[in-house]
Amino acid sequence: MRFFIDTANLKDIEEAQNLGVLDGVTTNPSLMAKEGIVGEENILKHYVDICNIVDGDVSAEVISTDYTDMVSEGEILAALHPQIVVKLPMIADGVKACKYFSDKKIKTNVTLVFSVGQALLAAKAGATYVSPFLGRLDDISTDGLHLIEEIKQVYGNYGFETEILAASIRHTMHVVNCAKIGADVMTGPLSAIEGLLSHPLTASGLKKFLADYQKGDNQNIKV
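Residues numbered from 1 in each chain as written. Predicted model: local features only at pLDDT ≥ 70, side-chain atom pairs only at ≥ 80, totals over all residues. Heavy atoms only, no water.

A. Representation of the overall build of the chain in the model. Within the chain one finds 11 helices and 8 strands. Structurally, the chain occupies a C-alpha span of about 70 × 40 × 30 Å along its principal axes. Sequence separation of at least 24 residues holds for 56% of the intrachain contacts in the chain that already meet a minimum separation of 6. Summed over all atoms, the accessible surface of the chain reaches about 11600 Å², with 53% contributed by carbon and sulfur. Charge centroids of the chain, computed over 19 positive and 29 negative side chains, lie 6 Å from each other. (Helix = DSSP H or I, 4+ residues; strand = E, 2+ residues; numbered from the N terminus. Contact = heavy atoms within 4.5 Å. Areas by Shrake-Rupley, 256 points an atom, 1.4 Å probe, with all protein chains shown as cover. Lys, Arg positive; Asp, Glu negative; His and termini not counted. Charge placed at Lys NZ, Arg CZ, Asp CG, Glu CD.)

What follows is the structure in structure tokens.
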């Protein structure tokens, strides 16, 4: 499973990149605004700054809801950098725009997916990624992980190449469970990735090893 980070914070992106496990970045207008990145010129520059940090795909989201405007905006985004993936909303015009870009061999990420039917339409339109939102489904007492299982089954039935990008990841167990199910990609905050590092026995074991070494009691170290 590939690891994407869902943020517009350059420091967090750099930390994940330096950890050596980062495969890409997803972001959206809300995350941009959270970092104080406003105005078209600043947003476009910020996407390029992100691409210059990571080696993999960077999803850049259109803000238009009309097909013609989505195509125009998406072409501007795609021209920014070879790593840019045009992120489109799961609406009728978004599916049409997805087909337009896929025909031109431009990568796409269809976002705000909450059903198998939506995921099926995205795959039919040639989406590179489809983004089911786990956390938002959990928020309304719906099993987001089950949705990923269903999408994976349908894609397997017909050999769709669209990758399942598990989005709206909230915590470390979301990451682990997505890996168990076989999601192609997960995207979440830095905390969800760093949480995989933590285990109390690792911390206590390392503390004991170092304490024994400092005492010079190497003959009695219990492994």
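Once you've had a look at it, read on.
B. Up close: the sheet that holds strand β3 (residues 57–61). Pairing is parallel in the closed barrel, where 8 strands are placed in the order β1-β2-β3-β4-β5-β6-β7-β8. Adjacent strand axes in the sheet meet at a mean angle of 25° when their direction is disregarded. Here 4 bridges tie strand β1 (residues 2–6) to strand β8 (residues 185–188), and the two strands are oriented parallel to one another. Bridge assignment links Arg2 to a residue of β8, and that residue is Val185. Running over the sheet, helix α5 (residues 92–103) touches β4 (84–89) and β5 (108–113) and is turned about 155° from β4. (Pairing = 2+ DSSP bridges. Axes fitted to C-alpha atoms, helices over the stretch in contact; angles between N-to-C directions.)

C. Highlighting the packing of aromatic side chains. Taken as a whole and judged by the stated rule, the model has 5 aromatic pairs. Aromatic side chains Tyr100 and Phe101 sit 5.2 Å apart centroid to centroid with 80° between the ring planes, which places their arrangement in the edge-to-face category. Ring centres of Tyr155 and Phe160 lie 5.7 Å apart, and the angle between their planes is 70°; on these two criteria the pair is classed as edge-to-face. On the accessibility criterion, Phe160 (23% relative accessible area) is partly exposed. (Phe/Tyr/Trp six-rings, centres within 6.5 Å; stacked < 30°, edge-to-face > 60°. Buried < 20%, exposed > 50% of the residue type's maximum accessible area, 1.4 Å probe, protein only.)

D. Inspection of the packing of helix α8 (residues 144–158) against helix α9 (residues 172–181) at higher detail. Two elements in contact, α8 and α9, have axes whose closest approach is 10 Å; the angle formed by their N-to-C orientations is 25°. Judged on the interaxial angle alone, α9 and α8 are roughly parallel. Crossing geometry of α8 relative to α9 is assigned as right-handed. Contact residues: α8 offers Leu145, Ile148, Glu149 and Lys152, while α9 offers Asn177, Cys178 and Ile181. Along the lines of polarity and charge, the residues of the contact of α8 with α9 split into 4 nonpolar, 1 polar and 2 charged. (Parallel < 35°, antiparallel > 145°, perpendicular 65-115°, else oblique. Left-handed = near helix turned anticlockwise from the far one by under 90°. Nonpolar A, V, L, I, M, F, W, Y, C, P; charged D, E, K, R; others polar.)

E. Looking closely at a negative patch on the surface. A cluster of acidic residues, Asp138, Asp143, Glu149 and Glu150, forms a negative patch at the surface. For Asp143, the location among the structural elements is in the loop between α7 (134–139) and α8. (Patch = residues over 30% accessible without salt bridge, like charges linked within 9 Å, V, L, I, M, F, W, Y side chains within 5 Å. Salt bridge = Lys/Arg side-chain N within 4 Å of Asp/Glu carboxyl O.)

F. Structural detail: the nonpolar core. Core analysis: the largest hydrophobic core is formed by 57 residues, its most contacted members being Ile13, Val25, Leu88, Ile148, Tyr155, Ile169 and Cys178. Per-element accounting of this core gives the leading share, 6 residues, to α8. Leaving out residues up to four positions away in the same chain, Cys178 has contacts with Met1, Leu134, Leu145, Ile148, Ala166, Ile169 and Ala183. Counting 7 residues, the second-largest nonpolar core is a separate cluster that includes Phe4, Val85, Phe133 and Leu165. (Core = buried A, V, L, I, M, F, W, Y, C linked by side-chain atoms within 4.5 Å.)

G. α5, seen in detail. Its 12 residues give α5 an end-to-end C-alpha distance of 17 Å, which sits within 8% of 16 Å, the value for a rise of 1.5 Å per residue. Regarding α5, the residues found buried are Asp93, Gly94, Val95, Ala97, Cys98, Phe101 and Ser102. Lining the buried residues of α5 we find α4 (67–80), β4, β5 and α6 (116–124). Remark: Lys105 follows α5 within two positions and exhibits a positive phi of approximately 65°. (Expected span 1.5 Å × (residues − 1).)

H. Seen up close, the pattern of salt bridges. Per the stated rule, a full pass over the model turns up 8 salt bridges. A salt bridge links Lys87 to Glu61; the nearest nitrogen and oxygen atoms lie 3.7 Å apart. In this pair, Lys87 sits in strand β4 while Glu61 sits in strand β3, placing the two residues 26 residues apart along the sequence. Each member of the pair Lys87 and Glu61 is classed as buried. One salt bridge in this structure joins Lys208 and Asp212, with 2.7 Å as the shortest N-O distance.

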